[in-house]
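A look at the structure
Read off the chains here:
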Amino acid sequence: MIKWGVVADDLTGANTAAALLTNSGFRTITTVDHRHISEFLEDKYDAIVVNAASRTLNGEDARERVRFCTKILYDYGIRHFSKRIDSTIRGNLGAETEGMLDALPEDTIACVVAAFPASGRIVVGNYQLVNGVPVHLTMAGADPVKPVRSSLMVDNFKNQTKLKIGCVSLNDITAGIENTIAAIQENIDHGKKIIIFDAITFNDIDIIAKAMSSFDRPWIAVDPGPYTQKGYELLNGKKKKKFNGKILIVAGSASSLTHEQMAFLHAQTDARIISIDIRRFIDSDEPIPEEKIIAKRVVGLSYLSDVIGFRVEGDSDMFININIEAAKRGIKPDDITRRITHGLARISSLILSMGIDNLKGIYLTGGDMTVAFCEECNVKALELKGEIQPHISYGFLVGGDSDNLPIVTKGGLIGAPDTVLTCIKYLLNQ
């Protein structure tokens with residue numbers, strides 16, 4: 001049964017939104033012509049994306065077309081909606097958002113999340129940046145039909161709607177779900193019908209989606225795709241993306257980029273990655289009982305998912321200052337680093353010795369982590385076969401019980417948000 005309806009302003013954008021929903025395992029269809037919506041309202045689909053072809057229309061006509069499309073979907077029984085907007089905020093943003101709201105219950109609010117981190121689109125301070133550049137200074141500002149005149153998000157809505165507009169800042173979102181909920185409620189209490197959110201990472205989008213799902217009132221997503229994808233997953237549960245084999249993830253880096261990459265991986269797959277509190281390793285060079293417990297958990301997860309492994313815990317209260325911790329113990333900072341990486345490497349060695357059926361390779365991040373892994377697993381060398389992306393190497397283990405097992409290694413500060421997923425696909429295709 002169709003649970004989510006998306007109305008896009010052009011076919012390319014419609015297909016982008018549909019592809020993201022499909023990546024989450026939902027059967028999705030895109031209509032090429034908005035006049036034929038009814039022909040595709042079939043229960044075999046999970047979602048429908050309508051190409052309203054409204055980007056080049058004037059504001060009034062765009063508003064009416066989106067209202068028309070939304071009403072057809074609502075009358076069919078769909079109750080969850082998205083107004084798909086261009087990732088560089090071209091088009092009739094205010095008019096089309098108002099048009100969708102006009103076709104829905106009066107208490108519906110619009111949640112604008114114009115971030116697409118994997119494509120370099122973020123919103124901070126209510127400004128959209130594209131790869132760090134204000135969007136109106138990019139090619140979007142020179143669009144021959146609908147040029148973007150301002151990078152300030154609110155400007156691109158208020159010139160086409162009289163609905164009250166509010167904002168939720170990055171400070172509220174990064175403070176967590178409860179703060180985000182409070183900021184949203186404050187906007188609602190002040191009569192805001194359109195709420196524009198800052199977001200720079202997939203984790204920010206996840207927080208916004210979870211915060212909105214806590215409200216007992218209808219809302220629509222106004223976004224280029226990722227927020228809609230997360231909203232549908234929360235509503236319907238993410239379906240597994242199956243791979244032809246298993247991949248072990250060993251994420252020994254605590255960098256923010258590594259955690260962003262892990263968040264993207266979780267958004268796109270059914271990966272089961274355990275978070276490890278590294279503080280348990282810093283008092284001794286000796287193995288600790290938890291290592292075997294964690295290894296058994298990871299092996300057990302291999303029966304539930306194709307992508308399994310562990311990563312360094314990312315909560316701020318679990319971060320440590322290596323220099324301070326070393327001084328407390330009268331040892332060198334390098335000793336703390338060694339204890340942590342070798343503790344994680346021993347877990348890796350235990351996982352490999354226990355065995356994972358159909359293991360096709362290892363993804364390993366962190367330079368010190370790679371050295372520790374090789375030492376604990378008795379790997380004598382790495383036979384390099386090539387580079388997947390700059391500074392991301394692919395090859396085979398030489399020596400030890402896992403001789404000839406494919407491996408990908410990279411530094412913790414290397415890559416883009418989708419790098420882990422790219423490397424997994426590369427390993428499985430070799």
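Here we summarise the structure given alongside this text. These figures come from a predicted structure and were not determined experimentally.

Procedures and definitions
Along each chain, residues carry numbers from 1 onward, in the same order as the chain's sequence is written. Local features in this predicted model are restricted to residues of pLDDT 70 or higher, and side-chain atom pairs are both shown and tallied only at a pLDDT of 80 or more, whereas totals for entire chains, interfaces and linings draw on every residue. Side-chain metrics rest on all non-hydrogen atoms present in the structure, leaving aside hydrogens and water. Only DSSP runs of H or I reaching four residues or more are called helices, and only runs of E reaching two or more are called strands; each is numbered from the N terminus. In this setup the radius of gyration rests on C-alpha atoms only. A globule is expected at 2.2 Å times the number of residues raised to 0.38. For each residue, the accessible area found with a 1.4 Å probe, counting protein chains only, is set against the maximum for its type, and the residue is called buried under 20%, exposed over 50%, and partly exposed in between. Contacts are assigned to residue pairs that have any heavy atoms within 4.5 Å of one another. Note on charges: Lys and Arg go in the positive column, Asp and Glu in the negative column, and His and the chain ends are not counted at all. The atom standing in for a charge is NZ when the residue is Lys, CZ when it is Arg, CG when it is Asp and CD when it is Glu. Here a Phe, Tyr or Trp ring, Trp counted by its six-membered ring, pairs with any other such ring whose centre lies within 6.5 Å, and the pair is stacked when the planes are under 30 degrees apart, edge-to-face when over 60, and tilted otherwise. Lines are fitted to the C-alpha atoms to define the axes, a helix being fitted only along its stretch in contact, and any angle between axes, read from their N-to-C directions, falls within 0 to 180 degrees. Here is the rule for angles: anything less than 35 degrees is roughly parallel, anything more than 145 is roughly antiparallel, 65 through 115 is roughly perpendicular, and the remaining ranges are oblique. Side-chain classes are defined by residue name, with Ala, Val, Leu, Ile, Met, Phe, Trp, Tyr, Cys and Pro counting as nonpolar, Asp, Glu, Lys and Arg as charged, and the others, Gly among them, as polar. We define a salt bridge as a contact between a side-chain nitrogen of Lys or Arg and a carboxyl oxygen of Asp or Glu at a distance within 4 Å. A pair of strands is considered paired only if DSSP assigns at least 2 bridges between the two. Crossing handedness follows the turn of the near helix against the far one: under a right angle anticlockwise gives a left-handed crossing, and clockwise gives a right-handed one. The crossover handedness rule: strands pointing away from the viewer, path from first strand over the helix to second strand clockwise, crossover right-handed. Here, nonpolar core refers to any group of buried Ala, Val, Leu, Ile, Met, Phe, Trp, Tyr and Cys residues whose side-chain atoms link them within 4.5 Å.

Next up on the list: the overall build of the protein chain. When its secondary structure is counted, the protein chain shows 14 helices and 18 strands. In terms of C-alpha radius of gyration, the protein chain reaches 24 Å, essentially the compact-globule figure of 22 Å for 430 residues. Taken along its principal axes, the extent of the C-alpha atoms in the protein chain is 70 × 45 × 40 Å. In the protein chain, buried positions account for 55% of the 430 residues. Sequence separation of 24 or more characterises 73% of the internal contacts of the protein chain that already satisfy a separation of 6 or more. Between the averaged position of the 48 positive side-chain charges in the protein chain and that of its 53 negative side-chain charges there is a distance of 3 Å.

So, on to the packing of aromatic side chains. Aromatic rings considered in pairs are described by the distance between their centres and by the relative angle of their planes. Using the criterion set out here, one finds eight aromatic pairs in the structure. Consider the rings of W4 and W219, whose centres lie 6.3 Å apart with planes at 70°: the pair is edge-to-face. One end of the pair, W4, is in strand β1 (residues 4-8); the other, W219, is in strand β11 (residues 219-223), with 215 residues separating them in the sequence. On the basis of relative accessible area, W219 is assigned to the buried category, the value being 16%. Residues F202 and F264 carry aromatic rings whose centres are separated by 4.9 Å and whose planes lie at 70° to one another, so their mutual orientation is edge-to-face. Of this pair, F202 sits in helix α7 (residues 202-213) while F264 sits in helix α9 (residues 256-268); the two residues are 62 residues apart in sequence, bridging distant segments of the chain.

Taken N-terminus to C-terminus, the directions of helix α11 (residues 322-329) and helix α12 (residues 333-354) make an angle of 105°; their axes are 8 Å apart at the nearest point. Judged on the interaxial angle alone, α12 and α11 are roughly perpendicular. Note on element contacts: α12 touches α11 through P333, I336, T337 and R339, opposite I322, N323, E325, A326 and R329. Tallied by class, residues from the contact of α11 with α12 come to four nonpolar, two polar and three charged.

We now examine the pattern of salt bridges. Following the criterion strictly, the structure yields 26 salt bridges and no others. Across the pair R346 and E291 runs a salt bridge, and its minimum N-O distance is 2.8 Å. Of this pair, R346 sits in helix α12 while E291 sits in helix α10 (residues 290-301), and the two are 55 residues apart along the sequence. Owing to a relative accessible area of 12%, R346 belongs among the buried residues under this scheme. Accessibility expressed as a relative area gives 3% for E291, which makes it buried. It is possible to trace a salt-bridge network through shared partners that takes in D9, D10, R55, D86, R90 and D143.

This part is about the sheet that holds strand β15 (residues 359-365). Here seven strands make up an open sheet; going across it, the order is β13-β14-β12-β15-β18-β17-β16 and the pairing mixed. Both outer strands of the open sheet, β13 (272-276) and β16 (381-389), are each paired with one neighbouring strand and no more. Put simply, the sheet's adjacent strands are angled 20° from each other on average, direction ignored. Here strand β12 (residues 246-251) runs beside strand β14 (residues 307-312); their pairing, made up of five bridges, is parallel. Across the sheet, the residue bridging to V250 is F310, located in β14. Strand contacts of α10: β12, β13 and β14, with the helix running at about 165° to β13, the strand carrying the most contacts.

This paragraph deals with the sheet that holds strand β3 (residues 47-51). The strand order across the open sheet built from eight strands is β2-β3-β1-β4-β11-β5-β10-β9, with neighbouring strands paired in parallel fashion. Each of the sheet's edge strands pairs with one partner strand only, and the pair in question is β2 (28-31) and β9 (165-168). Sheet twist, expressed as the average angle between the axes of neighbouring strands with direction ignored, equals 20°. Here strand β5 (residues 109-112) pairs with β11 via four bridges, running parallel.

Put simply, α10 and α12 touch, their axes get as near as 9 Å, and they point 50° apart. With respect to each other, α10 and α12 are oriented oblique. You can see that α10 and α12 cross each other, and the crossing is right-handed. Here E291, K292, I294, A295, K296, V298 and V299 of α10 come into contact with α12, specifically with G343, R346, I347, L350, I351 and M354. Its residues placed into classes, the contact of α10 with α12 shows eight nonpolar, one polar and four charged.

Below, the discussion takes up the pairing of β14. Of all six residues in β14, six are buried; the element is thus mostly enclosed. In β14, alternate side chains face the same way, and those of V307, G309 and R311 on one face and I308, F310 and V312 on the other are all buried. Once the chain exits β13 it traverses α10 before rejoining the sheet at β14, and the crossover so formed is right-handed.

Here we come to the side chain of E325. Tracing the backbone through its elements, the reader meets E325 in helix α11. If we ignore the near neighbours within four places in the chain, the residues touching E325 are I282, I320 and I336.

Looking now at unusual backbone geometry. Positioned with a positive phi, I89 is a non-glycine residue whose angle comes to about 50°. Among the structural elements, I89 can be located in the loop between β4 (80-84) and α3 (93-102). Judged by relative accessible area, which is 2%, I89 ranks as buried. The backbone phi angle of N131 is positive, close to 55°, even though this residue is not glycine.

A separate point is the nonpolar core. Formed by 55 residues in total, the largest nonpolar core has its most connected members in I184, F197, M212, Y227 and I249. In contact with M212, other than residues within four places in its own chain, are I109, C111, I184, F197, W219 and Y227. Within the second largest apolar cluster, 38 residues are counted, among which are I278, L344, A372 and L405.

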